[in-house]
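Observations on chain architecture
Each chain is listed here by its residues.
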Protein chains: 2
Amino acid sequence: MGILERKLRQKEEVRESILTAAWQLVQEEGWSMLSIRKIADAIEYSVPVIYSHFENKDAIMQEFTKDGFRKLNTTLIQAQSSANHPAEQLTAMAQAYWEFAFQNKEYYQLMYGLGMPTCEAARQMPELGNFVQLLQTTIKDLIAGSKAVDADPFLKFHTFWSLLHGLVSINMVDRTACPDSLHQLVLQDAVRGFIKNV
Amino acid sequence: MGILERKLRQKEEVRESILTAAWQLVQEEGWSMLSIRKIADAIEYSVPVIYSHFENKDAIMQEFTKDGFRKLNTTLIQAQSSANHPAEQLTAMAQAYWEFAFQNKEYYQLMYGLGMPTCEAARQMPELGNFVQLLQTTIKDLIAGSKAVDADPFLKFHTFWSLLHGLVSINMVDRTACPDSLHQLVLQDAVRGFIKNV
DNA sequence: TTATTATTTATAACAGTGTTAGCAAAGGTA
DNA sequence: TACCTTTGCTAACACTGTTATAAATAATAA
């Protein structure tokens, strides 16, 4: 009796159509505009059908988060195998990570929970400008009193800010059995490395 | 005629009460649970009154974003003035930045648009574990072939990931008249610095 | 003080959202 | 053909941000 198999196959097809419809809607209108009703309309089924495939909306989005990490991992492995020495491997992987993020913005936004609503708003905010200038001038001073006097302050500032923001936001997302004391060490190590490098 | 003055004063009071009520609700239930109706209930006014003070919900949240940056700037200036040499200043500021983020989570979450819904979900995701391991082993190789053989791979990994994630997310939030070529330089410079430091 | 005008405030609606209970229709089995 | 199980839809619930409209209040003029 292939009936059960056919049913499973059909169910899988609907599940797949939910995901492809959702992904299309996300690409057209972004994550914030994705809704269960829109997916239901797209797949020409009623709303509750979706809930027989996914526990809730979050479960659908988690599926894409997994997809995103899978894709990223593949890209990173590829980059890794393109070099032999660890230093080159790491450089290639950093490049790959960067490219992935911007070639798959929808994935990356979801993976790291970037809301993106502040994007337009942040530009015209004097408080942000102050913050930039504040750090930048200090870095200028640092450069002036160092060997590498020709270093670009704006560039170094961005590195520094990224380092800080990265440390913080990673720690917020990934609280994986890692004591606070170690995060303190990470911060100190990173900052010391940055300064030594200037 | 002090009537106009009194009216302005009363209007300001209502405006202030909206913000304090909103802030209390955020601290109790988080940003995702904040709603206009809840604020209206708290201040014992009807919903449209809120819209006579703020254009929309986003405007209320922007007010807190500004507050957040103001607070951060104050903290950073204080940290800066606690030292004389740039290197020490920067170290103190990094520390202050870190402390601010975690002592004012609500602010930082809003300022950087961290959705925080992935927080619990991310922990039990094998894809994330793979990603961690992948980078970590490469860093282990890097350490093994370097002078500082006693360096902590887990620590270095976190530094590296933070650097990458920071670069990406900062660039996503802050697209301030900065050509892509410069971001490439930032990335290269940061990674080179990290490797040299290992 | 009363009538008129301007301001302030609330009710109720619109168009959405995620989620689910209850019922009708179709599919498979005896 | 009669029964039962599975499937799928309608409609509702409890929310959300936002706004048009109407009522109540306060300030001004007669």
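The notes below deal with the structure included here. (Residues numbered from 1 in each chain as written. Chains lettered and ligands numbered in written order. Predicted model: local features only at pLDDT ≥ 70, side-chain atom pairs only at ≥ 80, totals over all residues. Heavy atoms only, no water.)

This next bit is on the environment of A:Asn171. Mapping A:Asn171 onto the fold places it in helix α9 (residues 153-173). Look at A:Asn171 and you get buried, because its relative accessible area is 1%. Leaving out residues up to four positions away in the same chain, A:Asn171 has contacts with A:His183, B:Trp98 and B:Phe102. (Helix = DSSP H or I, 4+ residues; strand = E, 2+ residues; numbered from the N terminus. Buried < 20%, exposed > 50% of the residue type's maximum accessible area, 1.4 Å probe, protein only. Contact = heavy atoms within 4.5 Å.)

To continue, consider helix α4 (residues 57-80) of chain B. Look at α4(B): 35 Å from first C-alpha to last across 24 residues, which is about the 34 Å you get at 1.5 Å a residue. Those residues of α4(B) that sit buried are B:Ile60, B:Met61, B:Glu63, B:Phe64, B:Thr65, B:Gly68, B:Phe69, B:Leu72, B:Asn73, B:Leu76, B:Ala79 and B:Gln80. (Expected span 1.5 Å × (residues − 1).)

The next point concerns the packing of helix α1 (residues 3-29) of chain A against helix α4 (residues 57-80) of chain A. Residues and elements named next belong to chain A. Between α1 and α4, whose axes approach to 11 Å, the crossing angle comes to 80°. The angle between α1 and α4 falls in the class roughly perpendicular. Here Arg-15, Ile-18, Leu-19, Ala-22 and Trp-23 of α1 lie close against α4, whose contacting residues are Ile-60, Glu-63 and Phe-64. Considering only residue class, the contact of α1 with α4 consists of six nonpolar, no polar and two charged. (Axes fitted to C-alpha atoms, helices over the stretch in contact; angles between N-to-C directions. Parallel < 35°, antiparallel > 145°, perpendicular 65-115°, else oblique. Nonpolar A, V, L, I, M, F, W, Y, C, P; charged D, E, K, R; others polar.)

Residue and element names in this part refer to chain A. Evaluation of the coordinates by the stated rule reveals 15 aromatic pairs over all chains. Aromatic pair Phe-160 and Phe-194: ring centres 4.9 Å apart, planes at 40°, arrangement tilted. Remark: Phe-194 occurs in helix α10 (residues 180-197) and Phe-160 occurs in helix α9; sequence separation between them is 34 residues. Taken as a pair, Phe-160 and Phe-194 share a single burial class, namely buried. Within the aromatic cluster, the residues linked to one another by ring pairs are Trp-23, Trp-31, Phe-64 and Tyr-107. (Phe/Tyr/Trp six-rings, centres within 6.5 Å; stacked < 30°, edge-to-face > 60°.)

Another point: the pattern of salt bridges. Residue and element names in this part refer to chain A. What the rule picks out here adds up to eight salt bridges over all chains. Here Glu-63 makes a salt bridge to Arg-15, at a shortest N to O gap of 3.3 Å. With Glu-63 in helix α4 and Arg-15 in helix α1, this residue pair connects regions lying 48 residues apart in the sequence. The shortest N-O distance in the salt bridge between Asp-67 and Arg-70 comes to 2.9 Å. Placement of both Asp-67 and Arg-70 in helix α4 is noted, with a separation of three residues, approximately one turn of the helix. We classify Asp-67 as partly exposed; its relative accessible area is 26%. (Salt bridge = Lys/Arg side-chain N within 4 Å of Asp/Glu carboxyl O.)

Our next topic: the side chain of A:Gln80. With respect to the helices and strands, the residue A:Gln80 is situated in helix α4. Using a relative accessible area of 18% as the deciding quantity, one classes A:Gln80 as buried. Ignoring anything within four residues of it in the chain, the contact list for A:Gln80 reads A:Gln89, A:Met93, B:Leu134 and B:Thr138.

Next up on the list: the protein's contact with DNA strand C. Around DNA strand C lies a shell of 18 residues, among which A:Ile36, A:Arg37, A:Tyr51, A:Lys57 and B:Ser46 are the nearest. The contact atoms of DNA strand C, taken as those within 4 Å of the protein, divide so that sugar and phosphate hold 50%. In the environment of DNA strand C, a phosphate oxygen lies 3.1 Å from a nitrogen or oxygen atom belonging to the side chain of A:Arg6. Note that a phosphate oxygen of DNA strand C is positioned 3.0 Å from one of the backbone N or O atoms of A:Ile36. (Near = heavy atom within 4 Å. Polar contact = N/O pair within 3.5 Å; in protein donor to acceptor, adjacent residues only side chain to side chain.)

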